[in-house]
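Spelled out from the first residue to the last, the chains are:
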Amino acid sequence: MITPFRPDGALDLAAAQKVATHLVDQGNDALVINGTTGESPTTSDAEKVQLLKAVLEAVGDRAKVVAGVGTNDTAHTIECAKAAAAAGVHGLLVVTPYYNKPPQDGLKAHFTAVADSTELPVMLYDIPGRAGVPIKTETLLALADHPRIIAVKDAKGDLAATTKVLANSGLVYYCGADELNLASLAIGAVGIVSVVAHVASPQYRQLIDAVLAGDLATAQRIDRQLVPAVEAIMTRTQGAIMVKAALKLAGVIEHATMRLPLIEATAGQVDWLTTDLKTAGLIA
């Protein structure tokens, strides 16, 4: 989920509750708060806890709230995990430590330490394009032995590797790359952790239901319908920028304010976005 800010850059907790309520009303059964789409590198630890408490108050009785707690410092990640647990969240999303490129044994030690720090279930976030290093198949299989490491948000884009992990472990997979949602579900992912779902939740719910029902034709139709929206939000510029602009177009948020180093979408980008969302049937 995005993190709304006021025009002066201050955290907007009322808007966050509005977005959370809207997303659950639209068919989402869980929300990830304080992920990178939520501009987590720019929010303080205190603000992260405020966001979690606000969202839990708004929708915690209707949806699971998962806290993004990953950093490239294991000690800090553990602090964030404990703070999220104290706030009452239902699970943790832990991204691969970024920039410092730890070896695979370092990744195992990092994820294990974080999983050991609370009683909450953990979803690993495998995104080598941003982290600089993948969680290799053998590392994922080793981490699957931990009782609280139960899921993977998969943004690696290697469907063969994903299939191997699925075939050899009990880890459950969620697609973390909207362009691969249907492909991931087809090989055994149980759901998606989506950016585009901010404006396409009912459609993605239908797509998942169609896959589960074995209705490939319907799933393909929905997936292809959403191609313009995926391209508009995920390829024109940074995804959080465009999805805030999309939510503003849809009337869900009043301000599309970003915190530096991210900046708001340009007028030209908003024009492209408007055309693409109309083509996808997501706005009138």
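For clarity, every value in this text was computed on a predicted model and none was experimentally measured. (Residues numbered from 1 in each chain as written. Predicted model: local features only at pLDDT ≥ 70, side-chain atom pairs only at ≥ 80, totals over all residues. Heavy atoms only, no water.)

The contact between helix α11 (residues 227-235) and helix α12 (residues 239-249) brings their axes to 6 Å, and the two run at 125°. One element, α11, and the other, α12, form an angle in the oblique class. Across from A232, I233 and M234 in α11, the residues of α12 making contact are G239, M242, V243 and A246. Taken together, the residues that form the contact of α11 with α12 break down as 6 nonpolar, 1 polar and no charged. (Axes fitted to C-alpha atoms, helices over the stretch in contact; angles between N-to-C directions. Helix = DSSP H or I, 4+ residues; strand = E, 2+ residues; numbered from the N terminus. Parallel < 35°, antiparallel > 145°, perpendicular 65-115°, else oblique. Contact = heavy atoms within 4.5 Å. Nonpolar A, V, L, I, M, F, W, Y, C, P; charged D, E, K, R; others polar.)

A few words now on the environment of G106. Mapped onto the fold, G106 is located in helix α4 (residues 104-117). Between the C-alpha atom of G106 and that of D73, which follows or precedes it by 33 residues, the distance is 11 Å.

What follows is about the UniProt feature "site: Part of a proton relay during catalysis" (unreviewed entry) in the chain. UniProt records the feature "site: Part of a proton relay during catalysis" (unreviewed entry) for T36 and Y99 in the present numbering. Tracing the chain through its elements places T36 in the loop between β1 (30-33) and α2 (45-59). By relative accessible area, which is 31% here, T36 ends up partly exposed. Look past the residues within four positions of T36 in its chain and what remains in contact with it is Y125 and R130. The topology assignment puts Y99 in the loop between β3 (91-95) and α4. Discounting chain neighbours no more than four positions away, the residues touching Y99 are N72 and A131. (UniProt positions renumbered as here; feature names shortened; annotations may be inferred. Buried < 20%, exposed > 50% of the residue type's maximum accessible area, 1.4 Å probe, protein only.)

Bringing the side chain of D12 into the picture now. Looking at the element boundaries, D12 is found in the segment before α1 (13-25). The buried charged residue D12 lacks any salt bridge, with R6 as its nearest oppositely charged partner at 4.5 Å. Side-chain polar atoms of D12 contact the backbone nitrogen of A15, separated by 3.1 Å. The contacts of D12, once residues within four sequence positions are left out, are P4, F5 and R6. (Lys, Arg positive; Asp, Glu negative; His and termini not counted. Salt bridge = Lys/Arg side-chain N within 4 Å of Asp/Glu carboxyl O. Polar contact = N/O pair within 3.5 Å; in protein donor to acceptor, adjacent residues only side chain to side chain.)

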